[in-house]
Amino acid sequence: MTSTNNTKNSITDGLLELGAYKPSGDATSQRLVLIYTGESGVGKTDRSLTAPDPIVFFDIDHGTEGVIQKAVQAGKDVTVIPVSWPDEGTQAEYKAIWTDMMTKFKTAVGLLRGTGGTIVWDTFTELVELAEWAFVGKINEIPPTRHKQYQAPLRSIVRTMLDDTQLNGIFIHKWGTVFQKPLEYEIKGYKDMMYQVQAVVQLELDKAGNRTQRFVKCRQNGKLQGQATTATAFPLLSAMVWE
């Protein structure tokens, strides 16, 4: 038995030296990296600002007038980073805008580390356009063989958020019908992201104008998949995922 244990320890030590790690048996912190999706006006931005602060808010959609101000008036610590690009520009200019944005993003991750804060992307759907123009160029239709060129930089943002286990992340996505399938709906933009984040939550308005939401997907808690909930604040959703 001792020989077996020594062998196991030797294997473990060797892997740790190569960058592996042994997970703790402690309870997982209730941080959450999710997608909020839904049609315009259902409250995606409003819900994102219920997440733990400090919040770094990447404002890409530029339709947040009044919403962020209400959160600040309620006591939220929010820092806004505007991201924009011209309709007419060169690929080199778009790449420079992307590089500048990523520098700010990595700085934000470093400053938020250990605070339990949140980074919000509103909307990540719009950011896909910048990635396409920066890494592929402005062409009418991107061939499938070149999709990875712009998807890899988007994926790196998601992975960075997931790698920091004390950081919350919210990616706001538009919601619409599937091409040539008008009765089916999906997130718009970088669709594979649904399978990378910890949860996808769709927001809706019912016929009476009340806000409702349901879990479209949940990697951490499969029993929530398809479940509707009246929980409106981000911390309540996080508690449901990690219960």
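In this report, we go over the structure that sits alongside the text. Only a predicted model underlies this, so the values are computations on that prediction, with no experimental measurement involved. (Residues numbered from 1 in each chain as written. Predicted model: local features only at pLDDT ≥ 70, side-chain atom pairs only at ≥ 80, totals over all residues. Heavy atoms only, no water.)

Right, let's talk about the overall build of the protein chain for a bit. Each helix and strand in the protein chain was counted, giving 7 helices and 9 strands. The buried share among the 243 residues of the protein chain stands at 42%. Counted over contacts in the protein chain with a minimum sequence separation of 6, partners at least 24 positions apart contribute 60%. Surface accessibility of the protein chain: about 13400 Å² in total, with carbon and sulfur atoms responsible for 51%. (Helix = DSSP H or I, 4+ residues; strand = E, 2+ residues; numbered from the N terminus. Buried < 20%, exposed > 50% of the residue type's maximum accessible area, 1.4 Å probe, protein only. Contact = heavy atoms within 4.5 Å. Areas by Shrake-Rupley, 256 points an atom, 1.4 Å probe, with all protein chains shown as cover.)

This brings us to the packing of aromatic side chains. For the coordinates displayed, the defined rule picks out 7 aromatic pairs. Summarising the aromatic geometry, the rings of phenylalanine 105 and tryptophan 121 are spaced 5.3 Å apart at their centres and angled 65 degrees between planes, so their arrangement reads as edge-to-face. With a gap of 16 residues between them, phenylalanine 105 in helix H4 (residues 91-112) and tryptophan 121 in strand S4 (residues 118-122) connect regions that are remote in the sequence. The buried category is assigned to phenylalanine 105, whose relative accessible area is 0%. It is lysine 138 that lies over the ring of tryptophan 133; its NZ or CZ is 4.3 Å from the centre. (Phe/Tyr/Trp six-rings, centres within 6.5 Å; stacked < 30°, edge-to-face > 60°. Lys NZ or Arg CZ within 6 Å of the ring centre and 35° of its normal.)

Below, the discussion takes up the environment of alanine 92. Structurally, alanine 92 can be placed in helix H4. You can call alanine 92 exposed: its relative accessible area is 58%. Between the C-alpha atom of alanine 92 and that of phenylalanine 135, which follows or precedes it by 43 residues, the distance is 9.1 Å.

Moving on to the nonpolar core. General note: in soluble globular proteins, nonpolar side chains tend to be found buried as a group. Of all hydrophobic cores here, the largest spans 41 residues; its most connected members are Trp98, Ile119, Trp121, Leu127, Ile157 and Phe171. When residues no more than four places from it in sequence are discounted, the contact partners of isoleucine 157 are Trp98, Met101, Met102, Phe105, Trp121, Phe124, Leu127 and Phe171. (Core = buried A, V, L, I, M, F, W, Y, C linked by side-chain atoms within 4.5 Å.)

Packing of H4 against helix H6 (residues 147-163) brings their axes to within 11 Å, and their N-to-C directions diverge by 5 degrees. As far as their axial angle goes, H6 and H4 are roughly parallel. Contact residues: H4 offers Trp98, Met101, Met102, Phe105 and Val109, while H6 offers Pro153, Leu154, Ser156, Ile157, Thr160 and Met161. For the contact of H4 with H6, the per-class residue count stands at 9 nonpolar, 2 polar and no charged. (Axes fitted to C-alpha atoms, helices over the stretch in contact; angles between N-to-C directions. Parallel < 35°, antiparallel > 145°, perpendicular 65-115°, else oblique. Nonpolar A, V, L, I, M, F, W, Y, C, P; charged D, E, K, R; others polar.)

This paragraph deals with the pairing of strand S7 (residues 199-205). Within S7, 5 of the 7 residues are buried, which leaves the element mostly enclosed by the surrounding structure. Between S7 and the antiparallel strand that follows it, strand S8 (residues 211-218), lie 5 residues; glycine 209 among them carries a positive phi value of about 90 degrees. (Pairing = 2+ DSSP bridges.)

With that settled, consider the pairing of strand S2 (residues 55-59). For a regular strand, side-chain orientation follows a simple rule: the groups alternate between the two sheet faces. Taking burial as the measure, the 5 residues of S2 include 5 buried ones, the bulk of the element. As defined by bridge partners, S2 adjoins strand S3 (residues 78-82) across 5 bridges and the pair is classed as parallel. Counted as the bridge partner of aspartate 59 is proline 82 from S3. Taking the sense of rotation as the criterion, the β-α-β connection linking S2, helix H3 (residues 67-73) and S3 turns out right-handed. Summarising the sheet, S2 and S4 pair through 5 bridges and their orientation is parallel. (Right-handed = clockwise from strand over helix to strand, strands pointing away.)

A few words now on H6. Side chains three or four residues apart in an α-helix point the same way, a direct result of the helix having 3.6 residues per turn. Taking 1.5 Å as the rise per residue, H6 with 17 residues should run 24 Å; its terminal C-alpha atoms sit 24 Å apart, in good agreement. Of all the residues in H6, the buried ones are Tyr150, Gln151, Pro153, Leu154, Arg155, Ile157, Val158 and Met161. (Expected span 1.5 Å × (residues − 1).)

Taken as a whole, this structure holds 4 salt bridges when the rule is applied. A salt bridge links lysine 104 to aspartate 100; its shortest N-O distance comes to 3.1 Å. In this pair, lysine 104 and aspartate 100 both sit in helix H4, 4 residues apart, roughly one turn of the helix. In this structure, lysine 174 and glutamate 126 form a salt bridge, with 2.4 Å as the shortest nitrogen-oxygen distance. With a gap of 48 residues between them, lysine 174 in strand S5 (residues 168-178) and glutamate 126 in helix H5 (residues 124-135) connect regions that are remote in the sequence. (Salt bridge = Lys/Arg side-chain N within 4 Å of Asp/Glu carboxyl O.)

This next bit is on the environment of aspartate 87. With respect to the element layout, aspartate 87 can be found in the loop between S3 and H4. According to the relative accessible area criterion, aspartate 87 is exposed, its value standing at 54%. Note: C-alpha distance between aspartate 87 and lysine 138 (51 residues apart in sequence) is 9.9 Å. Among all residues touching aspartate 87, those that are not within four sequence positions of it are Tyr94, Trp133 and Lys138.

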